[in-house]
Amino acid sequence: MTENLGAERCDRPSLIPRPRALRMIGGTVSLPISGTVSLCLTPKNEAVGGDGHRSQASSGGASGHVDSGDDRIVEKSDFLAEMLALSMQEATGLQWNITRGERHDVDVLLEIDSGLDPHGYRLTVGKPEDDGGDEPAIDIAAYDLQALREGVQTLRQLVRQYGTAMPRMVIDDRPAYEVRSYSLDVTRGRVPTLEWLKTWIDKLSLYKYNQLQLYVEHSGKVRGLSESWRGTSPLTSRDFIELDGYCAMRGIELVASISTFGHHYMTLRTRSFRELGEFPEQSDRAYSFIERQEHHTMNINHPDAFKLSTHLIDSYLGNVSSRFFNIGGDETFDLGKGRSRQAEGNQDIAHMYASYVQRLCAYIEEHGHQAMLWGDIAVEMPQILDLLPDNVVILNWLYAPDITEDKVALVARSGARQYVCAAVHSWNSMLPHVEDGWNNISRLAKYGIKYHAEGFMVTDWGDYGHINDPRMSIPAMIYGAQESWNPGTVDVTTLDMDMSRFEYGDSSGRCVAEMKEVCRGASFTWENIVHYLELDDGSGAVNDDVFRQVMEERGVPLDVDPSEGLAAVREEYVRTLSSAIAKCDESNALLQRAMPRLMARIAAGSIAPGNVMEPWLVASQGQQLFNRFGDALLNHRSASQRAALAEDLEVWFELYCEAWRSISRESELRRVADDIWKCADILRSADATEPRAES
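A brief look at the structure comes next. (Residues numbered from 1 in each chain as written. Predicted model: local features only at pLDDT ≥ 70, side-chain atom pairs only at ≥ 80, totals over all residues. Heavy atoms only, no water.)

Observations regarding the packing of helix α14 (residues 492-502) against helix α15 (residues 511-518)
It is at 7 Å that the axes of α14 and α15 come closest, and there the two elements cross at 110 degrees. Looking at the two axes, α14 sits roughly perpendicular to α15. Note on element contacts: α15 touches α14 through Cys 511, Val 512 and Lys 516, opposite Val 492, Asp 496, Met 499 and Ser 500. Class assignment for the residues of the contact of α14 with α15 results in 4 nonpolar, 1 polar and 2 charged. (Axes fitted to C-alpha atoms, helices over the stretch in contact; angles between N-to-C directions. Helix = DSSP H or I, 4+ residues; strand = E, 2+ residues; numbered from the N terminus. Parallel < 35°, antiparallel > 145°, perpendicular 65-115°, else oblique. Contact = heavy atoms within 4.5 Å. Nonpolar A, V, L, I, M, F, W, Y, C, P; charged D, E, K, R; others polar.)

Overview of the packing of aromatic side chains
One pass over the structure, following the stated rule, counts 27 aromatic pairs. For the pair Phe 240 and Tyr 316, a centre-to-centre distance of 5.4 Å together with 80 degrees between the ring planes defines the contact as edge-to-face. Within this pair, whereas Phe 240 is found in helix α5 (residues 237-249), its partner Tyr 316 is found in helix α7 (residues 305-317), the two being separated by 76 residues in sequence. Here a set of aromatic residues connected by ring pairs shows up, and it is made of Trp 526, Phe 626, Trp 652, Phe 653, Tyr 656, Trp 660 and Trp 677. (Phe/Tyr/Trp six-rings, centres within 6.5 Å; stacked < 30°, edge-to-face > 60°.)

Considerations on the pattern of salt bridges
Considering all chains together, one arrives at 37 salt bridges under this definition. Between Arg 100 and Asp 78 there is a salt bridge; the shortest N-O distance is 2.4 Å. Remark: Asp 78 occurs in helix α1 (residues 71-92) and Arg 100 occurs in strand β6 (residues 97-100); sequence separation between them is 22 residues. A residue is classified by how much of its surface remains accessible, and Arg 100, at 53% relative accessible area, is exposed. For Asp 78, a relative accessible area of 18% corresponds to the buried category. (Salt bridge = Lys/Arg side-chain N within 4 Å of Asp/Glu carboxyl O. Buried < 20%, exposed > 50% of the residue type's maximum accessible area, 1.4 Å probe, protein only.)

Regarding the sheet that holds strand β16 (residues 393-397)
Sheet architecture is closed into a barrel: 8 strands sit in the order β11-β12-β13-β14-β15-β16-β17-β18, paired in parallel fashion. Between one strand axis and the next, the sheet turns by 25 degrees as a mean value, whatever way the strands run. Of the strand pairs in this sheet, strand β11 (residues 179-185) and strand β12 (residues 211-216) are connected by 5 bridges, and their pairing is parallel. Looking at β12, one finds that Ser 181 is bridged to Gln 211. Of the strands in this sheet, β11 and β12 touch helix α3 (residues 194-206), which is tilted by about 155 degrees from β11. The strands that helix α12 (residues 434-450) touches are β17 (417-423) and β18 (455-460); relative to β17, the one it contacts most, it runs at about 165 degrees. (Pairing = 2+ DSSP bridges.)

Points about the pairing of strand β13 (residues 253-258)
Looking down a regular strand, the side chains alternate between one sheet face and the other. Here β13 lies mainly inside the structure; 5 of its 6 residues are buried. Pairing geometry for β12 and β13, over 6 bridges, is parallel. Note on β13: the bridge partner recorded for Leu 214 is Ala 256. Strand direction decides the pairing type here: β13 and strand β14 (residues 324-326), joined by 2 bridges, are parallel.

Thoughts on α12
It helps to recall that an α-helix has 3.6 residues per turn; residues three or four apart then point in one direction. Along its 17 residues, α12 runs 25 Å from first to last C-alpha, staying within 8% of the 24 Å computed at 1.5 Å per residue. Against the buried residues of α12 lie α11 (406-414), β17, β18, α13 (474-485), α14 and α15. Directly after α12, the chain includes His 452, whose backbone phi takes a positive value near 60 degrees. (Expected span 1.5 Å × (residues − 1).)

Considering the side chain of Glu 668
As for its position among the elements, Glu 668 is in the loop between α22 (639-663) and α23 (669-684). Judged by relative accessible area, which is 2%, Glu 668 ranks as buried. Excluding residues that lie within four positions of it along the chain, Glu 668 makes contacts with Thr 187, Gly 189, His 218, Gly 231, Thr 232, Tyr 287, Arg 292 and Trp 660.

Some thoughts on the packing of α7 against helix α9 (residues 349-366)
Contact geometry of α7 with α9 gives a least axis separation of 11 Å together with a crossing angle of 35 degrees. Between α7 and α9 lies a crossing whose hand is right-handed. Contacts between α7 and α9 pair Ala 305, Phe 306, Ser 309, Thr 310, Ile 313 and Asp 314 from the former with Tyr 356, Arg 359, Leu 360, Tyr 363 and Ile 364 from the latter. A per-class count over the contact of α7 with α9 returns 7 nonpolar, 2 polar and 2 charged. (Left-handed = near helix turned anticlockwise from the far one by under 90°.)

Notes on α3
With 13 residues, α3 extends 18 Å between its outermost C-alpha atoms, agreeing within 8% with the 18 Å of an ideal straight helix rising 1.5 Å per residue. Every buried residue belonging to α3 is among Leu 194, Trp 196, Leu 197, Trp 200, Ile 201, Leu 204, Ser 205 and Leu 206, and all of these are buried. Phi turns positive, to about 75 degrees, at Lys 208, one or two residues after α3.

Section: the environment of Arg 339
Relative to the helices and strands, Arg 339 is located in helix α8 (residues 339-344). For the pair Arg 339 and Ala 646, spaced 307 residues apart in sequence, the C-alpha separation works out to 44 Å. Apart from residues no more than four positions distant in its own chain, Arg 339 is found in contact with Glu 275, Gly 277, Glu 278, Pro 280, Glu 281 and Asn 299.

Structural notes on the side chain of Ser 87
Its place among the elements puts Ser 87 in helix α1. Not counting residues up to four positions away in its chain, the partners in contact with Ser 87 are Arg 156 and Val 159.

Considerations on the nonpolar core
Generally speaking, nonpolar side chains in soluble globular proteins are found buried as a group. Core analysis: the biggest nonpolar cluster contains 159 residues, and Tyr 182, Trp 526 and Tyr 656 have the highest contact counts within it. Dropping the residues within four chain positions of it, Tyr 656 is found in contact with Arg 190, Met 430, His 466, Ile 467, Val 618, Leu 669 and Val 672. Judged by nonpolar contacts, the second largest core, of 35 residues, contains Ala 81, Ala 85, Met 88 and Ala 147. (Core = buried A, V, L, I, M, F, W, Y, C linked by side-chain atoms within 4.5 Å.)

A word on the environment of Leu 184
Considering the arrangement of structural elements, one finds Leu 184 in strand β11. Judged by relative accessible area, Leu 184 falls into the buried class, the value being 1%. Distance in space between the C-alpha atoms of Leu 184 and Asp 460 is 5.1 Å, their sequence separation being 276 residues. Leu 184 has contacts with Pro 192, Trp 196, Leu 197, Gln 213, Leu 214, Tyr 215 and Asp 460, leaving out every residue within four places of it along the chain.

Some thoughts on unusual backbone geometry
Backbone torsion omega between Ile 16 and Pro 17 reads 0 degrees, so that peptide bond is classified as cis. Within the fold, Pro 17 resides in the loop between β1 (2-3) and β2 (21-30). We note that Lys 208 has phi near 75 degrees; this positive angle belongs to a residue other than glycine. By the element assignment, Lys 208 lies in the loop between α3 and β12.

Let's talk about the environment of Leu 194
Considering the arrangement of structural elements, one finds Leu 194 in helix α3. For Leu 194, a relative accessible area of 16% translates into the label buried. The sequence separation of Leu 194 and Ser 664 amounts to 470 residues, and the corresponding C-alpha distance is 8.5 Å. Not counting residues up to four positions away in its chain, the partners in contact with Leu 194 are Asp 239, Glu 242, Leu 243 and Arg 665.

Brief notes about a negative patch on the surface
On the surface, Glu 102, Asp 105, Asp 134 and Glu 135 cluster together into a patch of negative charge. In this fold, Asp 105 is placed in the loop between β6 and β7 (108-112). Assessed through its relative accessible area of 65%, Asp 105 is described here as exposed. (Patch = residues over 30% accessible without salt bridge, like charges linked within 9 Å, V, L, I, M, F, W, Y side chains within 5 Å. Areas by Shrake-Rupley, 256 points an atom, 1.4 Å probe, with all protein chains shown as cover. Lys, Arg positive; Asp, Glu negative; His and termini not counted. Charge placed at Lys NZ, Arg CZ, Asp CG, Glu CD.)

By themselves, these are just geometric observations and shouldn't be taken as functional.
Following this line, the structure appears as structure tokens:
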């Protein structure tokens, strides 16, 4: 039934991503408490000839249109109807029915219209004014099944906001990027549970992502590599198969994303495979979060290197149904510096790199798949772009918050296919850098459109042990959903308010702003802690390699020579951070003010505020302790103050472990624990309370 409310105005809904065109037409549609959703898979502009066969009336109808005789298509479309019926049930408390083929006397009609723009849909809430009474109250017409999925997600968002009494409106919509991808790190310390991964997939689907890449280095249970994955709670082939089916039903393409010749730190430390590394003599060095991100490159000229790469590919290739396969290839910093240089003489690194990528791409293609490749090495050595196979997809990751368009333009000029890849900006950090995420995502989305990128990807990394809780990536994930769908059309303040209301149930629209305030409360970070600890090479001497890397990353020289000893180097490192550490009290006061406000806003609206608040509460308390740790190092607090802080760290870490285990397997939590306990031990040590004598 359509009720005309006359002059009464219905507020515009908070839809994420914001549709291209939304027209409010006045009045309200009241749906029954127990209605019917109907699926019509036969395009309504296909004519049926006298012989009973359908003929395409539109010129648009090739790939992507629905063949109702395909059982898989029917299954997926049925699932869309079920998903929508479930949303209606949640709004009314009563069961909705679904049917096929009925266009009249139903409440919601889902149909294919091949006359619409490719990838587009039209959602109409409210019958035409001259309707005789048997037209559906809500109609979603879509170009193909994928577009129908997007329209259903929009309607599900409306149902969550309005229940069964919706304002009348017409939405015409389609995405800016055909591929909207999310890449999740499941390897650098944290392997999520399948249950949590499924909840994340559901959320990605609601916000209209249509691709998910799970990034794996050593945390997959691959035969013959147990020495590499032991103790990591690895994902199994069965896990990938289950997730592939779960994604497919929700219109998401699951892509295997593995390291094939870079980022093999764990594998190249094993007794079985260390000889395949550029520097096998380093394999017995103490484990290091920093070195894990730097020294991990295979000697691709070793006769067994390609065999290992293809074994890894084979282990994942059949477990996902996507035609794409991400072969990695990023950050191969050591290539050509060690054993591979000895083997190849004067061959330049660019040709060495490109030659190996060509072999891997050929192998992927022989098995009927399409290769993807992280683009950083090719972008830094542009001659590589001319040496790569024509059809490889370059995943052009560019993470600076103030990123320019230069490197996007560079790949475009080469003629290579590319996705532009932004980041949520949470790695190496207890609290995410939400504002950096917005600045990076919003800029890069515009550049990708300008230079005709095929896809947009948001990456979520866990460097340095994945201490960052992925549930805190939701704001930046939503930024990516908006900017990959309809970039540059919503200012961040408005988007934050929409997100606060829709995702977190905060009617004030302020909770995301409060989250950003919390994220400003770091004066001594997890990255600082890792740097401080890993200046020790494991024997009490200075790790020269980490010393150099810390200076490079900070861009601030340490005014001390490693020969002066570990205590002197650490004290100098802390001194270079003194201006930030000096804000400890200010930062902790900010956190102590902001967290109660955030908690109050979420608790007032969210159905399950505890699930939302847990990671923020734990991270906020942890960051306050990190700030105090930096202050204790700089200002040489008393032994009693240090001992109290050590105990506070240990008590807090038990809460952190509970939060970790609520969404993740045990994985490599022990590595984070080792560093927290090292901090506590340093606080309790006699040497830590004494300042270095002036020379």
